[in-house]
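Below, each chain spelled out in residue letters.
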Amino acid sequence: MDFAFDARTEELRRKLQTFMDEHVYPAETVADEQRAAQDSPWETPPVVEELKRTARKHGLWNLFLPDRTYGAGLTNLQYAPLAEILGRSPRLAPTAVNCAAPDTGNMEVLTEFGNAEQRRTWLEPLLSGEIRSGFAMTEPDVASSDATNIETRIRRDGDDYVITGRKWFISGAMNPDCKIFIVMGKTDPDAPDIRRQQSMVLVPRDTPGLEVRRAMQVYGYEDHYHGGHAEIVFDGVRVPRSNLIGEEGGGFAIAQARLGPGRIHHCMRLIGMAERAVELMCRRAQGRSAFGGQLAAQGQVREWIADARVQIEQLRLLVLKTAWLMDTVGNKGAHTEIQAIKIATPRAVVGILDRAVQLHGAGGVSQDFPLAELWAAARTLQLADGPDEVHQRSLAKRELKRHAVDGE
Ligand SMILES: Cc1cc2nc3c(=O)[nH]c(=O)nc-3n(C[C@H](O)[C@H](O)[C@H](O)COP(=O)(O)OP(=O)(O)OC[C@H]3O[C@@H](n4cnc5c(N)ncnc54)[C@H](O)[C@@H]3O)c2cc1C
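Keep in mind it's a predicted model, so treat the numbers as computed, not measured.

Visitor: Explanation requested: the site of the ligand in the structure shown.
Guide: Taken together, 21 residues lie around the ligand, and Phe 135, Thr 138, Ser 144, Ser 145 and Phe 169 are the ones closest in. The side chain of Thr 138 places a nitrogen or oxygen atom 2.6 Å from a nitrogen atom of the ligand. Within the backbone of Phe 169, an N or O atom sits 2.9 Å from a nitrogen atom of the ligand. For the ligand, whose accessible area on its own is 980 Å², the fraction buried by protein is 69%. Elements with a minimum of two residues in the shell around the ligand: strand 1 (132-136), strand 3 (160-171) and helix 11 (388-402). By residue class, the composition of the shell around the ligand is 12 nonpolar, 6 polar and 3 charged.

This is the structure in structure tokens:
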């Protein structure tokens, strides 16, 4: 077993670390100041566009996309340690290198399932970072962790589709640069196979009948840097039939294909968030004293720091193994491990961030440290892209099958 990264990964890691130190971390406060001075908090601050230009110049662009024609052509194993570095500054770094969700998943869908015209019109401007995009699946009126519940209707009418429904928590949609949505709805609600009822269509933001109604908060945060999480109403929205992605009835399968890489990317970034939390914990513990000694001298604090290190090492190994499996046996073959990391990583990282907040006292819950916001972001990943319980249910089902008792 070889635990070393290959030469290309090492080179990109070095470049990315330098980019983070020289450009991304210093831009964190600049971006906040620019955003505060803007007319709308949803617009991308100019410093982010500068970061994008610099990243591109240094060859740090579309690293997530394994496709060699459109992306950097990295394997999951090569991308994993890079995504971890990006996770250290989740507000800015993923966007700076055009590796931010939900664009990443949408670009993967268009690369894999889009036709030539769809790629030209939507994939190319996404790849160049000119526009952003949204993925609209979840609905307020149904339990959307079970995607077969989705009620949005995509009705055929001559050469068009007409879309009616309500979605929420559509990440990125508040940002005016978000020009295109991939919308999942039902084209055939009566199909006997409940996984063939759904389709996906491309809906441009400016289509009449589409209303971005409000921004949903996340523990009180608006997540401006992610373009927020919007509620969107589709009221008789009409698009040409050529906006269908793949085939009618293929929406459920595309959603499944989209989520595999998305889940591992989230876990990789979460590990970077945890690393930043440990760094902040160590600095704080050594820079502050109470009751006659450094906080770092307290056994409890040392236990927190040691446990965090142990957990991070465990998680990283599991994430890297999963990445390697995805590269060698495919996403389907890595199903159990993808579910395992999606359950284990947010849960553990929430715990690490929670202890980091505690160690920072009142400052920890405030805007002066990134910890509270990182905690909220990590906590939402116990819900988004499939709640923990849904992954546990399906993982346990396979495990039970493996050890089935005769006659059961
Ligand atoms: C910050 C954030 C960003 C998001 N971004 C997007 C986006 O861009 N696009 C999009 O379409 N969606 C997005 N979502 C929505 C997210 O994917 C859904 O919240 C998620 O799929 C769960 O669906 P639901 O909220 O309807 O919960 P429900 O389906 O109502 O489930 C609620 C709870 O029921 C329990 N439960 C459900 N099923 C089971 C089971 N089988 N066994 C045991 N317990 C179960 C779980 O505890 C679960 O948390 C986002 C969510 C958040 C918080």
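Visitor: How should I be thinking about the pattern of salt bridges in this particular structure?
Guide: Once the charged atoms of two side chains with opposite charge are near each other, the side chains can pair. Considering all chains together, one arrives at 25 salt bridges under this definition. A salt bridge links Glu 10 to Arg 13, with the shortest nitrogen-to-oxygen separation between them at 3.4 Å. One end of the pair, Glu 10, and the other, Arg 13, are both in helix 1 (residues 7-37), 3 residues apart, so they sit about a helical turn from each other. When the shortest N-O distance is used, the salt bridge between Asp 157 and Arg 238 registers 2.9 Å.

Visitor: Which parts of the structure should I look at to understand the packing of aromatic side chains?
Guide: Given two aromatic rings, one states the distance between the centres and the angle between the planes to describe the pair. Inspection of the entire model under this criterion finds 2 aromatic pairs. Judged by centre distance (5.3 Å) and plane angle (80°), the rings of Trp 168 and Phe 169 are edge-to-face. Ring centres 5.1 Å apart and planes at 65° place the aromatic pair Tyr 219 and Trp 375 in the edge-to-face group. With a gap of 156 residues between them, Tyr 219 in the loop between strand 6 (210-215) and strand 7 (229-240) and Trp 375 in helix 10 (residues 371-380) connect regions that are remote in the sequence. Here the guanidinium or amino end of Arg 35 rests over the ring plane of Tyr 225, the centre of that ring lying 4.1 Å away. Between Arg 258 and the ring centre of Phe 135, over which it is positioned, the NZ or CZ distance is 3.8 Å.

Visitor: Would you explain unusual backbone geometry in this entry?
Guide: Glycine aside, residues mostly have negative phi angles, and peptide bonds mostly take the trans form. For the bond running from Ala 101 to Pro 102, omega is 0°, close enough to zero to count as cis. Relative to the helices and strands, Pro 102 is located in the loop between helix 4 (93-96) and helix 5 (103-113). Look at Phe 169: it is not a glycine, yet its phi comes out positive at around 60°. As for its placement among the helices and strands, Phe 169 is situated in strand 3. Phi at Asp 385 is positive, roughly 55°, even though this residue is not glycine. For Asp 385, the position within the fold is in the loop between helix 10 and helix 11. Assessed through its relative accessible area of 22%, Asp 385 is described here as partly exposed.

Visitor: What am I meant to see in the nonpolar core here?
Guide: Nonpolar side chains tend to gather and get buried jointly when the protein is soluble and globular. Phe 19 and Tyr 79 are the most contacted members of the largest nonpolar core, which has 91 residues in total. No other element matches helix 7 (residues 251-287), which puts 15 residues into this core. When residues no more than four places from it in sequence are discounted, the contact partners of Tyr 79 are Leu 63, Phe 64, Leu 74, Leu 86, Cys 99, His 265, Met 268 and Arg 269. One finds Ala 173, Cys 178, Ala 230 and Val 239 within the second-largest nonpolar core, a separate group that totals 20 residues.

What counts and what doesn't
Residues numbered from 1 in each chain as written. Predicted model: local features only at pLDDT ≥ 70, side-chain atom pairs only at ≥ 80, totals over all residues. Heavy atoms only, no water. Near = heavy atom within 4 Å. Polar contact = N/O pair within 3.5 Å; in protein donor to acceptor, adjacent residues only side chain to side chain. Areas by Shrake-Rupley, 256 points an atom, 1.4 Å probe, with all protein chains shown as cover. Helix = DSSP H or I, 4+ residues; strand = E, 2+ residues; numbered from the N terminus. Nonpolar A, V, L, I, M, F, W, Y, C, P; charged D, E, K, R; others polar. Salt bridge = Lys/Arg side-chain N within 4 Å of Asp/Glu carboxyl O. Phe/Tyr/Trp six-rings, centres within 6.5 Å; stacked < 30°, edge-to-face > 60°. Lys NZ or Arg CZ within 6 Å of the ring centre and 35° of its normal. Buried < 20%, exposed > 50% of the residue type's maximum accessible area, 1.4 Å probe, protein only. Core = buried A, V, L, I, M, F, W, Y, C linked by side-chain atoms within 4.5 Å. Contact = heavy atoms within 4.5 Å.

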